[in-house]
Amino acid sequence: MAIVRSICVLVSTFCMVFYASGKIHSTETMERSTDQWIDLNSGYGNVVKRSILNQRLRRASTTKLQPVVNEFELQNDTTHNQALIHWSGNGSEVIFILTRKKSSAGSSGVTVSTLWRSENYGKTYRRMADAFDSKTVLKSYFISPMNKTKVIFVDTFNQSRRIWRSLDEGVTYRKVDVPFSVEKIDFHPIQSDWLLGYDKSLKELYCSMDFGLSWRKLGDEVTSDRYYWYVKDVDKGAKAEKIVFFEYRHFYSAILNRIYKVKSCYIPDCSPTPFQKHLDDLEQIDSESLVVQHSYVFVQKSGAANKLYVSHNRGPFSKAVFPNYATRSQAHFHIVSSDDGCVVIGINHDNGLTHLFFSDVAGKRYSQSLSNLRYFNKKSTDNKVFSVDIYKIQGIIGTFVANVHNSDGHNTTKITWDNGRSWSDIVSGVYDRHGVEKTQRTCDQCSLNLHLTMEQTPTGYYMQSILAKSSHPGIVLAHGTYGRTVQDRPSEVSLFLSRDNGRTWHLIQEQRQFVVVSNHGAVIVTVRMIFAQPVTAFSFSSDYGRTWSEHNFIAANKMINVDGILTEPGEKKPLITLFGHETYHDSWKVYQVDVTPLFPKVCTHPADFENVSVPFGGPTKQCHLGMKQQFERLKHESHCLVPPTYARVNNVEKCPCTRDDYECDLGYNSVMKGVELECEPERLGTVDEIGVDLSQIHENIVRDDRAKCDRNNERNVSTGLRKVPGNQCVGDVADIYFRMEKCSEEVRTSTLPPTTRPPVLIKRQNSSNILKIGDVVVFSVQGVQSGGVVWKVSNKDKLSNVTDSHEQLNFHATEPGEYTIRAEVAGTSYSSQWESVQFWYPIKKVRLYHPPVVAQSRSYNVTAWTQTVHGLRGHRTLVGDVGYIWDIDAENQNSIPISSTENTYSGKPPNHAGSAVEITVTADNRVSQQSTTGKILVKEYAVEIVMEMECTPALTEANMTDEWLQDFRQIVANELLLMDAIQVIKTKYSLTNEISLYVYVAPSYPLNVYIYLAPTKKVHSRDKLLEAAKQIEEVLVDGPFSVLLAGHMTAKMTKLYIIDYDGVVRMYEPYSAANTTLIVIIVILVLLVLVAGLLIFRHFSRKKRFGRYLHFRNLRPGGPGGSRIVRSQDRSPIVDEEFIDDDLNAMEDIGNRDSSLQFQG
């Protein structure tokens, strides 16, 4: 069967990003831990047509120059289905290629691998098999970004507890045994010998200060990808370089598994840093929320509508302040950028809307910049994360491109050049390949709409993300369409290029392309993507896409399926590397393309260069965002090769502040007074619909103390202005933030209490008496005839931020439940009626548990779990009463959504093999609503192997969380599939090719593990399927099967039975040690009594017959292997998340990300 190959291109940007149940994620974090996989079922492209933008410009020379091409075949690797290719470092001629075979992304074992090394920029490669011993199977490697000669390779030997060190860029190697299973290595940003190592299975973090020779444990239960080295020039002190930050699970109280904290400590003994005090003040945070980035530390705290807390320059944490409407139901955070004097963040709310905000310098106060952004779920290391479709243009400060949802349902692209102060559609300045400008006269309401960061389109196609690097400032390339929306189909998109930072755009190539830019922008190479059509040539431009020439990189009688192209780190050399294969049965082929012969000359400085000012097209040295930005770049008419000694000159000069450098602050509206733009405080009501006291929030926002008037009856009043986010002007305008104002009589008396009060009557100012934990409930009393008001509240010790006066009571609950409130008049017997209010945790997530497959004649059961803060199960004591809506979508079955108070559902599939049952459940507890969807494949028949397992020490209900169940399922599956006997059965019965094997753990106790066997093809009889199940049963009983879990917990099989295709249950029960002893005694007695040889013969026959039940051994897997647990169905052009490889996902920090490609078969 043909090997399906795919590729991962590690794209580099310098901005930040953040799905996972209300987590914080950062673009920077995801780029170090996330790979995006593209499925190339066949090749791309045939021959790329020449595209000439302006026919008045020169055409390619009739005497055609040709590049120098070197081809190398990675022979004997035809069975390898994954590869990682990476330049050693900037200026190095060394390239590493690691190819490997892995049965599936779900298995943990790499069965075989090969390391290739080149010392001449990829002209030739050497197979490095003789550098390692015979037991070595490499699974990953990591290169120091500070010293390219230092490389660490991770070996699968002894469960990845061995590494190979190289101090000479891979010439020689030394093996080192390490005390943990290495999943990932992170190099220190300055010290090349300092490492952080992570054990994913045990969630342990280690450090080494001698390049991996010795290791010290820093912490247990550390969250994956939530650990960081210090930040240079931000973390201070003599030992600042030794600082690490990490998020970990803290075992305390009854909530054993879901309290998370942050530690900041010095390596190697993890002694606390001064910043630890501020972290301790947080008490606890949400899981997967720590982000340390530039001068900011971000965390998320649950139990409040506004969850984001920020520390700037390692100061105390402050709750981020947003406009009042933006504090409601914050679900997910995506930090887009934090390196230009402000924080840019996208917030997704429970109602599905996503807005973009820009902060002040401290990252505390946020104003909205753009509404209703498009967002998607991006694959990260362990799950999908919320990501906003926005891109920060590199090399020029203040430029962002974003896609938004319009009210008409279209997705359109908007661009800003002033750090989000203003946004515009790309309506004008869009030219076709003949230089003719596109206008709305020929296309009403049309604009240029681009593909940005969402590489997998909703229709299932791969689209290379937008490309803009600091190595070629102002040059931007992106796929797009001039129309009313972002088009997803490849036949409808073209490649556009901007030479002026997105102000004008030119169509340079039709349809989808692979594209790279190198040699400071002098080299632009594209290779056309056409499904199932191999290519022979690439297109080349040396004048920013104005003219193009086409060149073959392969012999005329051959064609190649191109899987990807890349350049060396820094994009300086005129070298392009293409990767691909002729057929899917062939080895990988690597093509080194040197485009030097395509240039008529070498550039001279300064004649072939020009100075460009920002904004483009404006006056020279104009102030923009409080600075003058000017940089040097190649003239388009030069057509020359930039020498390696060239260093770009960039100048940034700060400007004196003017009134244009300021805008209205959070809590103020812009109003025109004459010709001047002024800021007035927002007119806010007392309480919004979720019970937040907006007047109190507003007073915290507005820096205007209305009660303080001086002796001259004047007060200092805020002007409501702040500096534009990211603005770097110097010298504030005089009196720009405050002004003196006369105190009116109304102001002086407005804070005095009223002299009369209405009769005793309390009123809840919230619209509902059921609120979320963290919401503020407000009760007011209209007045009393005499005396003060005393508020009575049940369970007052469980309340927080209680503010009571004679007229009003504000509080929020720290624990869920029902609370009653009454107002009493002091000194009298008068009181109000008791009022009731309930506080419940919002449902953060709904988990759906269902069998992955079902026979067409059998029923199935589905269970839904709600999950709340800290990942706890949503019991009634936490979330209140929950209603469920079950929506079942099955072929030939008309279903109506079913409302129920039960979290379980039973049904029967359609009597049609090959179909699927899609189940959507919605959980609602009146303060929140969450939905999820699952799918059950319908087979003609299937066999179930059911293992009942018991944990030691005993597993409690509190510990059985969704995360625990998922981890347990993965551990069981890995242990099962790595067993030698299972490998034999796998080969004998063609598991994963002709029989699919699925593992499912039901959310119940005792633990039931279900192993399903179902035919992939109609080649196996039902009896043969049952025969395979019986042989697996023999292996599991012979032991019995057990697994070791985190926290020294052991899960051991106590019962096993098979449910065959007719539903008949066949029970098998492993014998205990006591039973074994008893049987031995009986056998001895029988031997003493029975002398006849015939009886002895019968005795040994019986012993042999039952030997497989009586023989106990340790079933820790000892051999390689691994096979996918769930076999894929038809695969979309984007590789399904099940097949994304976690091991290669961990290999993100091996150097410059732009110089890496990953392939998956």
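Data block above holds the structure.
The structure presented is a predicted model; accordingly, all values stated were derived computationally and were not measured.

Visitor: Explain the state of the cysteines to me, please; I cannot follow it from the model alone.
Guide: Linking two cysteines covalently via their sulfur atoms produces the bond known as a disulfide. A complete count under the given rule lists five disulfides for this structure. One disulfide bridge connects C265 with C270, the sulfur atoms lying 2.1 Å from each other. Between C265 and C270 the disulfide shows an S-S torsion of about -75°. By sign, it is left-handed. Given a relative accessible area of 14%, C270 falls into the buried group. Note that C603 is cross-linked by a disulfide to C640, the S-S spacing being 1.9 Å. Taking the torsion about the sulfur-sulfur bond, which here is approximately 100°, the covalent link between C603 and C640 counts as right-handed. Note that C603 is positioned in the loop between β46 (589–594) and β47 (609–614) and C640 in the loop between β48 (627–634) and β49 (650–654), a separation of 37 residues in sequence.

Visitor: Can you walk me through the environment of V938 in this structure?
Guide: Mapped onto the elements of the fold, V938 is located in strand β71 (residues 929–939). Its relative accessible area of 1% is what places V938 among the buried residues. Measuring from C-alpha to C-alpha, the distance between V938 and V854 comes to 5.2 Å, with 84 residues separating the pair along the chain. Ignoring anything within four residues of it in the chain, the contact list for V938 reads V854, Q856, P909, P910, H912, A913, G914, S915, A916 and V917.

Visitor: Which parts of the structure should I look at to understand the pattern of salt bridges?
Guide: Note on pairing: side chains with opposite charge can pair once their charged atoms come close. Applying the stated criterion across every chain, the model contains 31 salt bridges. Across the pair D967 and K203 runs a salt bridge whose closest N-O atoms are separated by 3.8 Å. Remark: K203 occurs in the loop between β14 (195–199) and β15 (204–208) and D967 occurs in helix α7 (residues 962–977); sequence separation between them is 764 residues. Looking at D967, the relative accessible area reads 36%, which means it is partly exposed. D425 is paired through a salt bridge with K414; the nearest N and O atoms lie 2.8 Å apart. Of the two residues, D425 sits in strand β34 (residues 424–425) while K414 sits in strand β33 (residues 411–416), which places them 11 residues apart along the sequence.

Visitor: Sorry if this is basic, but what is going on with helix α9 (residues 1022–1037) here?
Guide: Along an α-helix, residues three or four positions apart point the same way, because every turn accommodates 3.6 residues. Here α9 is 16 residues long and its end C-alpha atoms lie 23 Å apart, about the 22 Å a rise of 1.5 Å per residue gives. Three or more residues of α9 are buried, namely L1025, L1026, A1028, A1029, I1032, E1033, V1035, L1036 and V1037.

Visitor: What's the story with the pairing of strand β28 (residues 366–370) in this structure? I'm lost.
Guide: Residues in a regular strand project their side chains so that they alternate between the two faces of the sheet. Burial analysis of β28 places four of its five residues in the buried class, the great majority of the element. By the bridge criterion, four bridges tie strand β27 (residues 354–359) to β28 in an arrangement that is antiparallel. Within β28, the position partnered with F358 by the bridge is S367. Here β27 folds back onto β28, and the loop between the two strands holds six residues, one of which, G363, carries a positive phi near 70°.

Visitor: What's the story with the sheet that holds strand β18 (residues 243–249) in this structure? I'm lost.
Guide: Two modes of strand pairing occur in sheets, parallel and antiparallel, and in both the strands are linked by backbone hydrogen bonds. Pairing is antiparallel across the open sheet formed by four strands, whose spatial order is β17-β18-β19-β20. The open sheet terminates on both sides in strands that have one partner only, identified here as β17 (222–229) and β20 (271–272). Looking at chain direction, β18 and strand β19 (residues 260–266) are connected through seven bridges and run antiparallel. Bridging across to β19, I243 finds its partner in Y266.

Visitor: Is there a simple way to think about the side chain of S447 in this case?
Guide: Note that S447 resides in strand β36 (residues 447–450). You can call S447 buried: its relative accessible area is 5%. In contact with S447, other than residues within four places in its own chain, are D425, I426, V427, T481, Y482 and G483.

Visitor: Explanation requested: α7 in the structure shown.
Guide: With 16 residues, α7 should reach 22 Å at 1.5 Å per residue; the first-to-last C-alpha distance of 23 Å fits that figure. Those residues of α7 not exposed but buried are D962, W964, L965, F968, R969, V972, A973, N974, E975, L976 and L977.

Visitor: How should I be thinking about the packing of helix α8 (residues 980–988) against α9 in this particular structure?
Guide: Relative orientation of the contacting elements α8 and α9 amounts to 170°, with a least axis distance of 10 Å. On the basis of the axis angle, α8 is roughly antiparallel to α9. Residues A981, I982, I985 and K988 of α8 pack against E1027, A1028, Q1031, I1032 and V1035 of α9. In the contact of α8 with α9, the residues fall into six nonpolar, one polar and two charged.

Visitor: Honestly, the nonpolar core in this entry has me stumped. Any pointers?
Guide: The tendency in soluble globular proteins is for nonpolar side chains to be buried side by side. By size, the foremost hydrophobic cluster in this structure holds 59 residues, and its most contacted members are M947, W964, F968, L1007, L1036 and F1041. With eight residues, the top contributor of residues to this core is α9.

Visitor: Explain the sheet that holds strand β68 (residues 898–900) to me, please; I cannot follow it from the model alone.
Guide: In space, the five strands of this open sheet follow the order β65-β71-β70-β67-β68, with mixed pairing throughout. Because the sheet does not close on itself, it has two edges, and the strands there are β65 (853–855) and β68. Adjacent strand axes in the sheet meet at a mean angle of 25°, parallel and antiparallel pairs treated alike. Note that strand β70 (residues 916–924) and β71 share nine bridges and pair antiparallel. Considered in β71, the bridge of D924 is made with Q929.

Visitor: Would you take a moment to explain the environment of T111 for this structure?
Guide: Within the element layout of this structure, T111 appears in strand β7 (residues 110–118). T111 sits in the partly exposed class, given a relative accessible area of 28%. Counting along the chain gives 28 residues from T111 to K139, while the straight-line C-alpha distance between them is 9.2 Å.

Visitor: Even after reading the chapter, I still don't get the packing of aromatic side chains, so can you show me in this structure?
Guide: Across all of its chains, the model carries 33 aromatic pairs by this definition. When the centroid spacing of 5.2 Å and the interplanar angle of 65° are considered together, the rings of Y849 and W865 count as edge-to-face. Of this pair, Y849 sits in strand β64 (residues 845–849) while W865 is found in strand β66 (residues 860–867), placing the two residues 16 residues apart along the sequence. Using a relative accessible area of 6% as the deciding quantity, one classes W865 as buried. The ring of W417 has R503 sitting right over it, with the charged end atom 4.1 Å from the ring centre. Sitting above the plane of the Y544 ring, R633 keeps its charged end 5.4 Å from the centroid.

Conventions adopted
- Residues numbered from 1 in each chain as written.
- Predicted model: local features only at pLDDT ≥ 70, side-chain atom pairs only at ≥ 80, totals over all residues.
- Heavy atoms only, no water.
- Disulfide = S-S within 2.5 Å.
- Buried < 20%, exposed > 50% of the residue type's maximum accessible area, 1.4 Å probe, protein only.
- Helix = DSSP H or I, 4+ residues; strand = E, 2+ residues; numbered from the N terminus.
- Contact = heavy atoms within 4.5 Å.
- Salt bridge = Lys/Arg side-chain N within 4 Å of Asp/Glu carboxyl O.
- Expected span 1.5 Å × (residues − 1).
- Pairing = 2+ DSSP bridges.
- Axes fitted to C-alpha atoms, helices over the stretch in contact; angles between N-to-C directions.
- Parallel < 35°, antiparallel > 145°, perpendicular 65-115°, else oblique.
- Nonpolar A, V, L, I, M, F, W, Y, C, P; charged D, E, K, R; others polar.
- Core = buried A, V, L, I, M, F, W, Y, C linked by side-chain atoms within 4.5 Å.
- Phe/Tyr/Trp six-rings, centres within 6.5 Å; stacked < 30°, edge-to-face > 60°.
- Lys NZ or Arg CZ within 6 Å of the ring centre and 35° of its normal.

From the geometry alone we can't say anything about function, so treat these as descriptive.
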